[in-house]
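What follows is the residue order along each chain.
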Amino acid sequence: MAEESKLKLYGMWGSSYAKRVELALKLKGISYEYVEEYLLNKSKLLLQLNPIHKKVPVLVHDGKPIVESLVILEYIDKTWPKYP
């Protein structure tokens, strides 16, 4: 789908919250681009996408950032309900 190509996940290798979102995307078969963040040296983009918590995970879909892993999981289920 064209909308899937606009999907980015900002995460960190050691974050269980980011891995939770990664797993959900993989189980649903949704393609996405993964962007590794280093929380000791946060990028300006991460700070713009999540200015309140300044943490991962952040899912960006069509330029719209979604934060907090459980909120992201709910968004994935509502946006792609027909995937397994």
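All of these numbers come straight from a predicted model, not from anything done at the bench. (Residues numbered from 1 in each chain as written. Predicted model: local features only at pLDDT ≥ 70, side-chain atom pairs only at ≥ 80, totals over all residues. Heavy atoms only, no water.)

Participant: Just to check I follow, could you spell out the pairing of strand β3 (residues 58–61) for this structure?
Facilitator: Remember that side chains alternate between the two faces of the sheet whenever the strand is regular. With burial as the criterion, each face of β3 is covered, one bearing Val58 and Val60 and the other bearing Leu59 and His61. Of the strand pairs in this sheet, strand β1 (residues 7–11) and β3 are connected by 4 bridges, and their pairing is antiparallel. Pairing of leucine 7 across the sheet is with histidine 61, part of β3. Note that β3 and strand β4 (residues 64–67) share 4 bridges and pair antiparallel. In the sheet register, valine 60 faces β4, and the bridge partner there is proline 65. Counted along the chain from β3 to the antiparallel partner β4, the turn is 2 residues long, and its residue aspartate 62 has a positive phi close to 55 degrees. (Buried < 20%, exposed > 50% of the residue type's maximum accessible area, 1.4 Å probe, protein only. Helix = DSSP H or I, 4+ residues; strand = E, 2+ residues; numbered from the N terminus. Pairing = 2+ DSSP bridges.)

Participant: What should I look at first to understand the packing of helix α1 (residues 16–28) against helix α3 (residues 69–79) in this one?
Facilitator: To characterise two packed helices, one gives the angle between the axes of the helices and the distance between these axes. Following both chains from N to C, one finds α1 and α3 inclined at 10 degrees, their axes separated by 9 Å at the closest point. Relative to α3, the element α1 is oriented roughly parallel. For the pair formed by α1 and α3, the contact residues are Tyr17, Arg20, Val21, Ala24, Leu25 and Lys28 on the first element and Ser69, Leu70, Ile72, Leu73, Ile76 and Asp77 on the second. For the contact of α1 with α3, the residue count by class is 8 nonpolar, 1 polar and 3 charged. (Axes fitted to C-alpha atoms, helices over the stretch in contact; angles between N-to-C directions. Parallel < 35°, antiparallel > 145°, perpendicular 65-115°, else oblique. Contact = heavy atoms within 4.5 Å. Nonpolar A, V, L, I, M, F, W, Y, C, P; charged D, E, K, R; others polar.)

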